[in-house]
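Coordinate analysis (summary)
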Amino acid sequence: MTTEYTLFATCPRGLETILAQELAQQGCTHIAPTDGGVACKGSLNEVYRANLHSRTASRVLLQLTRASYRSEDDIYKAAKNLKWQEWFKVNQTFRVKVEGKRAKVKSLDFMALKIKDGVCDRFRDHCGERPSIDKNRPDVRIHAFLDEQNVAIFIDTSGETLFKRGYRQDTGEAPLRENLAAGLLLLAGYDGLQPFQDPFCGSGTIAIEAAWIALNRAAGLNRRFAFEQFLNFDKALWVKLKAEARAQIHDKPKNKIAASDNDRAMTRIAQENARAAEVDMFIDFNTLDAQDTRPNGEKGIVVSNPPYGVRLAEVQALHALYPQLGSWLKQHYAGWTIGLLSGDMDMPKLMRLKPKRKIPLYNGQLDCRLFLLDMVSGSNRDK
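Residues numbered from 1 in each chain as written. Predicted model: local features only at pLDDT ≥ 70, side-chain atom pairs only at ≥ 80, totals over all residues. Heavy atoms only, no water.

Focus: the side chain of Arg 223
Looking at where Arg 223 falls in the secondary structure, it is placed in the loop between helix 6 (205–214) and helix 7 (235–247). Although buried, Arg 223 forms no salt bridge, and the nearest oppositely charged side chain, Glu 160, lies 6.6 Å from it. A polar contact of 2.9 Å, which involves the side chain of Arg 223, links it to the backbone oxygen of Thr 161. With residues up to four places along the chain from it excluded, the contact list for Arg 223 reads Ser 158, Gly 159, Glu 160, Thr 161, Leu 162, Lys 164, Arg 165 and Glu 228. (Helix = DSSP H or I, 4+ residues; strand = E, 2+ residues; numbered from the N terminus. Buried < 20%, exposed > 50% of the residue type's maximum accessible area, 1.4 Å probe, protein only. Lys, Arg positive; Asp, Glu negative; His and termini not counted. Salt bridge = Lys/Arg side-chain N within 4 Å of Asp/Glu carboxyl O. Polar contact = N/O pair within 3.5 Å; in protein donor to acceptor, adjacent residues only side chain to side chain. Contact = heavy atoms within 4.5 Å.)

Considerations on the confidence of the model for the protein chain
On average, residues of the protein chain carry a pLDDT of 92, and 95% of them reach 70 or more. Of the regions scoring below 50 in pLDDT, residues 379–383 engages in eleven contacts with residues more than four places distant in sequence or in other chains. (pLDDT = per-residue confidence, 0-100.)

Considering the pairing of strand 9 (residues 257–261)
Here strand 9 lies mainly inside the structure; five of its five residues are buried. Burial along strand 9 is two-sided: Ile 257, Ala 259 and Asp 261 facing one way and Ala 258 and Ser 260 facing the other are all buried. Where strand 8 (residues 196–198) and strand 9 come together, three bridges link them in parallel fashion. Among the inter-strand pairings, Asp 198 is bridged to a residue of strand 9, identified as Ala 259. Examined bridge by bridge, strand 9 and strand 10 (residues 283–287) share five bridges and lie parallel to one another. Bridge pairing in strand 10 places Ala 259 opposite Phe 285. (Pairing = 2+ DSSP bridges.)

Examining the packing of helix 2 (residues 44–53) against helix 7
At a closest axis distance of 10 Å, the pairing of helix 2 and helix 7 adopts a crossing angle of 40°. One finds that helix 2 runs oblique with respect to helix 7. Helix-helix and strand crossings are classified by hand; for helix 2 and helix 7 the assignment is right-handed. Contact residues: helix 2 offers Leu 44, Asn 45, Tyr 48, Arg 49, Leu 52 and His 53, while helix 7 offers Leu 237, Trp 238, Leu 241, Lys 242, Glu 244 and Ala 245. Classifying every residue of the contact of helix 2 with helix 7 gives seven nonpolar, two polar and three charged. (Axes fitted to C-alpha atoms, helices over the stretch in contact; angles between N-to-C directions. Parallel < 35°, antiparallel > 145°, perpendicular 65-115°, else oblique. Left-handed = near helix turned anticlockwise from the far one by under 90°. Nonpolar A, V, L, I, M, F, W, Y, C, P; charged D, E, K, R; others polar.)

Some details on the domain arrangement of the protein chain
By domain assignment, the protein chain separates into domain 1 (5–156) and domain 2 (178–217 + 250–375). The centre of domain 1, based on its C-alpha atoms, is set 35 Å off from the matching centre of domain 2. In this assembly, ten residues from domain 1 lie in contact with 14 residues from domain 2. Between domain 1 and domain 2, the buried area comes to about 990 Å², and carbon and sulfur atoms account for 60% of it. It is Arg 13, Leu 15 and Arg 55 that lose the most area in domain 1 upon contact with domain 2, and together they represent 62% of the buried surface on that side. Summed over the shared surface of domain 1 and domain 2, the number is zero salt bridges. In this assembly, domain 1 and domain 2 are joined by four residue pairs in polar contact (both at pLDDT 80 or more). Of the residues assigned to the side of domain 1 that touches domain 2, the class counts are four nonpolar, three polar and three charged. (Domains from an automatic or database assignment. Buried area = accessible area lost by both parts, 1.4 Å probe.)

Some thoughts on helix 2
Taken across its ten residues, helix 2 has eight buried, putting it largely inside the fold. Of all the residues in helix 2, the buried ones are Leu 44, Glu 46, Val 47, Tyr 48, Ala 50, Asn 51, Leu 52 and His 53. Buried residues along helix 2 sit against strand 1 (5–10), helix 1 (16–25), strand 3 (37–42), strand 4 (59–68) and helix 7.

A few points about the sheet that holds strand 9
Taken in spatial order, the seven strands line up as 10-9-8-11-12-14-13 in an open sheet, and their pairing is mixed. Looking at the sheet topology across the chains shown, the edges are occupied by strand 10 and strand 13 (357–363). Sheet twist, expressed as the average angle between the axes of neighbouring strands with direction ignored, equals 20°. The pairing of strand 13 with strand 14 (residues 366–374) spans seven bridges and is classified as antiparallel. Bridge pairing in strand 14 links Pro 360 to Arg 369. Contacts from helix 6 reach strand 8, strand 9, strand 10 and strand 11 (301–304) within the one sheet, and its direction differs from that of strand 9 by about 175°. Contacts from helix 8 (residues 264–276) reach strand 9 and strand 10 within the one sheet, and its direction differs from that of strand 10 by about 165°.

Structural data, given as structure tokens:
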């Protein structure tokens, strides 16, 4: 019998519907999106596939127990009752992270210590010694979530967060995380078949993720995962899944991909990142002002994260630029879908464009919107 587990995949807020679709594609069942992630069920096959293929997940957590609690000692017992020795060895390091929502405990940090004690005492009872803590690069990460009545304890199957694809060399300032970049593309309807452009490419993350989508390349092929160190690791299954993923990669994108920035240093960084991601030969990089870019095909998609100001002078300069950007899009990009991520809620109004959708997203802690616009020449003006 194949063991089916309760899973929870985390993601940037706003990408839950996309992540739910990805998990369904990888064979997960009982899919239930919630704020900041998606609950589902799956075997080790689905755990491995979700880590390997999901473009938008941050972590895939596997639930080991869910128990009610009245006291802090109940939470300690819930941790101690788990057969940790069946998941990892005593000579492997671990760490515990606890989050809560209306949790009836004095301190979440103290609960992390109680769970750590439960894990260590289980090992001491079973094999006479206890594993060590490593807060920076542990072999095993344990997550716990507390609400008013229940504690759920998970083991993290991903390890390093999944947006770390293994290709980013240098990022410049305020980099866009890879899973958010992929989420923007998927929300905009990009499937790798349309022409694509990013005229504010920065360190190139959106264009690189677009190239991986166009090549049908699994997001996790370049990296390692925590589940590879678990005692129940099925190496034969993992080798098979990676071989299948490699066999599905296309030789080249079906359509053109272009990226540009007005900062030569940034386009150089973007090219280096693309080279590390093995897609530099598929992306046309240029150093030029956004308004000097032109479509590289018909009925394509622009997805971009234009600069948005924090200081007043920056905001005023950008607000003066937005009407020009609106005119440039209307003049040259009729028939295209435009997706712009911005923390400036006035951007479309100042560009004199009316978005068909405004999707709330968070870039780190910054409250943003993905403004999606269908460019129809001369008819998109916001009256």
